[in-house]
Amino acid sequence: MYEPTHLRTFLAVAQTLSFTQAARRLGLRQSTVSQHVRRLEDAAGRQLFSRDTHSVELTEDGEAMLGFARRILEVHEQATAFFTGTRVRGRLRFGASEDFVLTRLPEILEAFRYDHPEVDLELTVELSGTLHERLAAGKLDLVLAKRLPRDPRGELVWQDDLVWIGAERLRLEPGRPVPLIVYPPPGITRARALEVLERQGREWRIVCTSGSLSGLIAAARAGLGVMAHSRRLIPPGLFRLPDRAGLPELGKVDFVLVHGHRRGPAEAAAHALAAAVLAGGERLRRRSD
């Protein structure tokens, strides 16, 4: 009833909320992407997206289809691997940025290890900038992280707004330097925060530096200052600062998958994990309970 090709296209549109970006990710024409979605909607008898010239959003039926699509494709891939006798194996060095510590990435990795028991998965959690450096040095095979500014590489998982967050009771004092809670260099959100404040001519001071997301969260919850963070991944106990705080906009941030250059078993394992991450991309936008 549901074609796997149409389901994969649906997931790509659901993750990017863009027919154009989904087409680029899949290597298809935009008209083909639209056709796949329309055929899936015809098969389901429901509208899966509400769209106009400016935006694309999942309907309630589209949200329901997300879970079904992921499970159908997972079973389809398991059956294909079983009957073709193809087994992914080898050592895979995977790097994930600190942003995903509180998400459901562990669920995706657990399912991947179950589906591919012969892959020796080695996980590194670091700053996005550090992960990109290690990938370039050949020390990682696949990275899930924020994209460096003006860097075209990587397969888009999703795009999000960067926002200022802090404790609910935090109040910034007019005329005083903005108290910043930041990752150390080469943190991407750190660089963006300093850039927009300096462009606005706003004074700032760093009140906390930590390479650990839990350290930054502890400082923010204590009311020490503000931090730049992905809007969809705001940690529990912290809140987006209102516009009246007067802080400059931080813009967008891309979360991407970037492959290394190692060939052989590692390459096949990296492609399998990348497919699992893209299929479960919606779970990455949600905090773990």
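The shown structure was predicted, so the numbers you read here are calculated from the model rather than taken from an experiment. (Residues numbered from 1 in each chain as written. Predicted model: local features only at pLDDT ≥ 70, side-chain atom pairs only at ≥ 80, totals over all residues. Heavy atoms only, no water.)

Trainee: Would you mind going over unusual backbone geometry with me for this structure?
Mentor: Of note, the bond from Pro185 into Pro186 is cis; its omega dihedral lies within 30 degrees of zero at 10 degrees. Considering the arrangement of structural elements, one finds Pro186 in the loop between strand 7 (178-182) and helix 7 (188-200). The backbone of Leu17 sits at a positive phi, close to 50 degrees, despite the residue not being glycine. With respect to the secondary-structure elements, Leu17 resides in the loop between helix 1 (4-16) and helix 2 (19-26). Judged by relative accessible area, which is 25%, Leu17 ranks as partly exposed. (Helix = DSSP H or I, 4+ residues; strand = E, 2+ residues; numbered from the N terminus. Buried < 20%, exposed > 50% of the residue type's maximum accessible area, 1.4 Å probe, protein only.)

Trainee: What should I look at first to understand the environment of His261 in this one?
Mentor: Structurally, the position occupied by His261 is in the loop between strand 11 (252-259) and helix 9 (265-279). Overall, His261 belongs to the exposed group, its relative accessible area being 64%. Between the C-alpha atoms of His261 and Asp141, which are 120 residues apart in sequence, the distance is 7.1 Å.

Trainee: Would you take a moment to explain helix 5 (residues 105-115) for this structure?
Mentor: Helical geometry note: an α-helix holds 3.6 residues per turn, so side chains three or four residues apart project in the same direction. Those residues of helix 5 that sit buried are Leu105, Ile108, Leu109 and Phe112. The buried residues of helix 5 occupy an angular sector of 95 degrees when the element is viewed end-on, so they sit on one face. Set apart from the buried face of helix 5 by more than 90 degrees, the exposed residues are Glu110 and Tyr114. (Arc of directions from axis to C-beta.)

Trainee: How do you make sense of the pattern of salt bridges when you look at a structure like this?
Mentor: Pairing is possible between side chains that carry opposite charge, provided their charged atoms lie close to one another. For the coordinates displayed, the defined rule picks out 11 salt bridges. When the shortest N-O distance is used, the salt bridge between Arg93 and Asp141 registers 2.9 Å. Taken together, the residues Arg93 in strand 3 (residues 90-97) and Asp141 in the loop between helix 6 (128-136) and strand 5 (142-146) connect sequence positions 48 residues apart. Accessibility assignment for this pair places Arg93 and Asp141 in one class, buried. Through salt bridges with shared partners, a single ionic network connects Asp160, Asp161, Arg231 and Lys252. (Salt bridge = Lys/Arg side-chain N within 4 Å of Asp/Glu carboxyl O.)

By themselves, these observations are geometric and do not establish any function.
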